[in-house]
Amino acid sequence: MVNTGRFVILVLAYRFLVPILSAAEPDHAARESYVVYMGSPSSGGGGDPEAVRAGHVQMLSSVVSGGEQGSAAAAVTHSYHHAFEGFAAALTESEAAALAGHERVVSVFKDRALQLHTTRSWDFLEVQSGLRSGRLGRRARASGDVIVGVIDTGVWPESPSFDDAGMPAVPPRWRGVCMEGPDFNKTSCNRKLIGARYYGVQPDTSSPNAAGSGSPRDTVGHGTHTASTAGGAVVSGAGYYGLAAGDARGGAPGSRVAVYRACSMGGCASSAVLKAMDDAVGDGVDVVSISIGMGSAFQSDFLADPIALGALHAHARGVLVACSGGNDGPGPYTVVNSAPWIITVAASSIDRSFQSNVVLGNGNVVKGVAINLSNQSLSGGKYPLVFGAEAAARYAPVAEASNCYPGSLDAEKVRGKIVVCVGTDPTVSRRVKKLVAEGSGARGLVLVDDAEKDVPFVAGGFAFSQVGTDAGAQILEYINATKNPTAVILPTEDVRDFKPAPVVASFSARGPGMAESVLKPDLMAPGVSILAATIPSADTEDVPPGKKPSAYAIKSGTSMACPHVAGAAAFVKSAHPGWTPSMIRSALMTTATTTNNLGKPVASSNGAAANGHDMGAGEVSPLRALSPGLVFDTTAHDYLRFLCYYGYKEGIVRKVSGDAEFSCPAGAPSPDLAAAAVNYPSISVPRLRRGGKAAVTVTRTAINVGAENATYAAAVEAPPGVTVRVKPDRLVFNKRWTTARYEVSFEVADGAGVSKGYAHGAVTWSDGAHSVRTPFAVNVV
């Protein structure tokens, strides 16, 4: 029998005491770094940093255990106050939840670890533009006083790429600093490298971020490479141990460079990247280059994405932000940094190939690719050739040995030989296979694998060559048919004027992006085997015996493509200082090239014709972008409306904008309407249903930046089965800086036989002197 009185007391105790006990979080609760984002600064930006930080400490003290300001101040690691307001702090989960409910807070998210997206290229872009004017070339090298901020792993200031010879005084509008460290002095900066910051241990906390040591100096090489690609000076005689020899230069060699070290080899703390973006805007940069991002599998919404947040406010302050699209390709939906206010960059090859051929004992030559600086051909003779499966260590599965899996090779069977391995196990990278073969005493490695064959592997002084499956079959057939098979791997040859080029790199991430109503990526730029400055101590295992570390390195990735677009944007900015970031983006996109050096459509890495989800508008063409004819200006209001249509509540969007009077359009949210909300130089329709009443209409407004009197006629490249109409089909301008509005409607008739999925095309406006191409993608459902 139950004692009801006692039962009631227990229920009441549970009801009232449990909430109290759960609210009183124990002092030992785990703390993690969080970012607290508060939208546009209440003071309009640029307020007293100490006063802003004090306000953040006061807000934090209202939720920390005990409410002590001392402990709250110690918890704050970064305070943001230039372009936007917020702070980063070490919080418990309950403290983060309490701050998320504060009336001034837009979002609170964990401080994630972001990834690094890791000479000839600029000349190739000029050739592809079809414009070889000496006047334009000189203009490219002048570049004006545009300032490019690079957020990365820092800089090696002694590199010739940052020499300031012949440069005028630093622009008086520059408000940045040259932070000192144990290995970095104020004299490390000059009239080219005008600013350097780092984000290490803060003076009031013992919690370091991912940047590590207290100095702007690069210890990885990635930041030096990207900074010199974007704005490096012209350096004659650059090269990588005799390969890729020529003049190294950035896209805007006359521009100024400011570096923000927010990353290390282990990655980048998102709070530090956000702080670097805020500082860059406050310092006065014109363009920001960010070759960083989260993996495509871990994308979050825009208001919890540090790069998207920083870029949104940078754009509002007139600063253009270019970001790498990521290296998770070639599958769809892998592109990152895809917010509409970011220029998202894909990677392509250039007209240079690094060939490392294999000569078999029977005299047959098998073509391979790699960057190896071995001396096998100089030593004479050939080396025994063995297939990894025939050299398996005891108890090692044959499949592992054939893939050069760690611990799978018998050193006695491999030592002194060239080993042949395959790439059927994608978990074992080329670098690991090379280390396994080298560690087993092999004299060389031939990798049979079609994957990543478009991206030459840098093997240093170890003999290495990668061949395709057809060539690999030829090698294995020779091994099986010969009693004592032999081979030699030839050192790499630099093959120029390689065709076809450009080709979309296999690793380059593909669209659609997180918001399918905006076509992503935006542009493609060289990102395969790019020569640029590095740190002399980088990757000593790649240094050939008897050689000193090279001052220049050959790297691949969308990390390398991004600074090409940043440099191109700085170049256009120098010619048109009054243009907004979106006007510059428009000029770069609508003048991009979509044909290769054979005069045929650009192909993807699988050989198929590339589309907008592979390459965006096409390969960037800086010289053509100087005179685009028409531009599409995307306003801050466009982006706010986009956030409404995307699904954010009106109150949140008001906090983001700082405009208490802003109102979301009636009918939001709607992904279909979002396609028309942003005056973008491309179009993406996420849902196009069959039937005449299901047509989707998108509006765009063009600005004439060309001749005083101009008439543009529209030409449509429509995919089969999709009807595309442009109204009006002629735009008449009586003077410069006037606008014209037009509509593009898309329709799929019932029974048209169009398969489901995305179809691609373009609308091109021409006045006889300019071709203004805007690509589109429509998803037939």
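Conventions used here
- Residues numbered from 1 in each chain as written.
- Predicted model: local features only at pLDDT ≥ 70, side-chain atom pairs only at ≥ 80, totals over all residues.
- Heavy atoms only, no water.
- Helix = DSSP H or I, 4+ residues; strand = E, 2+ residues; numbered from the N terminus.
- Contact = heavy atoms within 4.5 Å.
- Salt bridge = Lys/Arg side-chain N within 4 Å of Asp/Glu carboxyl O.
- Buried < 20%, exposed > 50% of the residue type's maximum accessible area, 1.4 Å probe, protein only.
- Disulfide = S-S within 2.5 Å.
- Axes fitted to C-alpha atoms, helices over the stretch in contact; angles between N-to-C directions.
- Parallel < 35°, antiparallel > 145°, perpendicular 65-115°, else oblique.
- Nonpolar A, V, L, I, M, F, W, Y, C, P; charged D, E, K, R; others polar.
- Pairing = 2+ DSSP bridges.
- Phe/Tyr/Trp six-rings, centres within 6.5 Å; stacked < 30°, edge-to-face > 60°.

Under an unreviewed UniProt entry, the protein has the name Subtilisin-like protease and belongs to Urochloa decumbens.

1. Side note on the side chain of Ser604
The topology assignment puts Ser604 in the loop between helix 16 (581-590) and helix 17 (612-615). Sequence-distant contacts of Ser604, defined by excluding residues within four places in its chain, comprise Val503, Val504, Arg510, Ala609, Ala610 and Asp614.

2. Things to note about the pattern of salt bridges
For the structure shown, the criterion picks out 20 salt bridges. Between Asp494 and Arg496 there is a salt bridge whose closest N-O contact spans 3.9 Å. Asp494 gets classed as partly exposed once you look at its relative accessible area, which sits at 25%. Glu717 is the partner of Arg773 in a salt bridge, and the nearest nitrogen-oxygen pair spans 3.6 Å. Placement of the pair is Arg773 in strand 39 (residues 771-780) and Glu717 in strand 34 (residues 710-717), with a sequence separation of 56 residues. Residue classification places Arg773 among the buried residues on the basis of a relative accessible area of 17%. One connected set of salt bridges, linked through shared partners, spans Glu158, Asp183 and Arg217.

3. Topic: the state of the cysteines
Counted under the stated rule, the structure contains 4 disulfides. Disulfide partner of Cys178: Cys189, at an S-S distance of 2.0 Å. Between Cys178 and Cys189 the sulfur-sulfur dihedral comes to about 85 degrees; the bridge is accordingly right-handed. Separated by 11 residues along the polypeptide, Cys178 in the loop between strand 6 (147-152) and strand 7 (193-198) and Cys189 in the loop between strand 6 and strand 7 bring together distant segments of the chain.

4. Regarding the side chain of Asp164
Secondary-structure assignment places Asp164 in the loop between strand 6 and strand 7. In contact with Asp164, not counting residues within four places along its chain, are Asn190, Arg191 and Lys192.

5. Re the packing of helix 8 (residues 270-283) against helix 9 (residues 306-316)
At their nearest, the axes of helix 8 and helix 9 sit 9 Å apart, and the two run at 10 degrees to each other. In terms of axis orientation, helix 8 runs roughly parallel to helix 9. Listed contacts from helix 9 to Ser270, Val273, Leu274, Met277 and Val281 of helix 8 are Pro306, Ile307, Leu309, Gly310, Ala311 and Ala314. Looking at the contact of helix 8 with helix 9 residue by residue, the class counts come to 9 nonpolar, 2 polar and no charged.

6. Quick notes on the sheet that holds strand 3 (residues 86-91)
Here 4 strands make up an open sheet; going across it, the order is 2-3-1-4 and the pairing antiparallel. At either margin of the open sheet sits one strand with a lone partner, and together these are strand 2 (76-80) and strand 4 (107-110). Within the sheet, the average angular offset between the axes of one strand and its neighbour, ignoring direction, is 20 degrees. Of the strand pairs in this sheet, strand 1 (residues 32-37) and strand 4 are connected by 4 bridges, and their pairing is antiparallel. Looking across to strand 4, one finds that Tyr37 is bridged to Ser107.

7. Considerations on the packing of aromatic side chains
All chains considered together, the criterion is met by 14 aromatic pairs. For the pair Tyr80 and Phe84, a centre-to-centre distance of 5.6 Å together with 50 degrees between the ring planes defines the contact as tilted. On the basis of relative accessible area, Tyr80 is assigned to the buried category, the value being 1%. Judged by centre distance (5.7 Å) and plane angle (20 degrees), the rings of Phe642 and Tyr646 are stacked. On the criterion of helical spacing, the pair formed by Phe642 and Tyr646 is a turn pair, its members being 4 residues apart in helix 19 (residues 636-646). Phe642 gets classed as buried once you look at its relative accessible area, which sits at 0%.

8. Structural notes on the sheet that holds strand 36 (residues 730-733)
Strand order in the open sheet formed by 5 strands is 32-39-38-34-36, and the pairing between neighbours is mixed. Each edge of the open sheet carries a strand with a single partner, namely strand 32 (683-688) and strand 36. Going from strand to strand, the sheet's axes swing by 20 degrees on average, the running direction of each strand aside. For strand 34 and strand 36, the ladder comprises 4 bridges, and the chain directions are antiparallel. Considered in strand 36, the bridge of Ala710 is made with Phe733.

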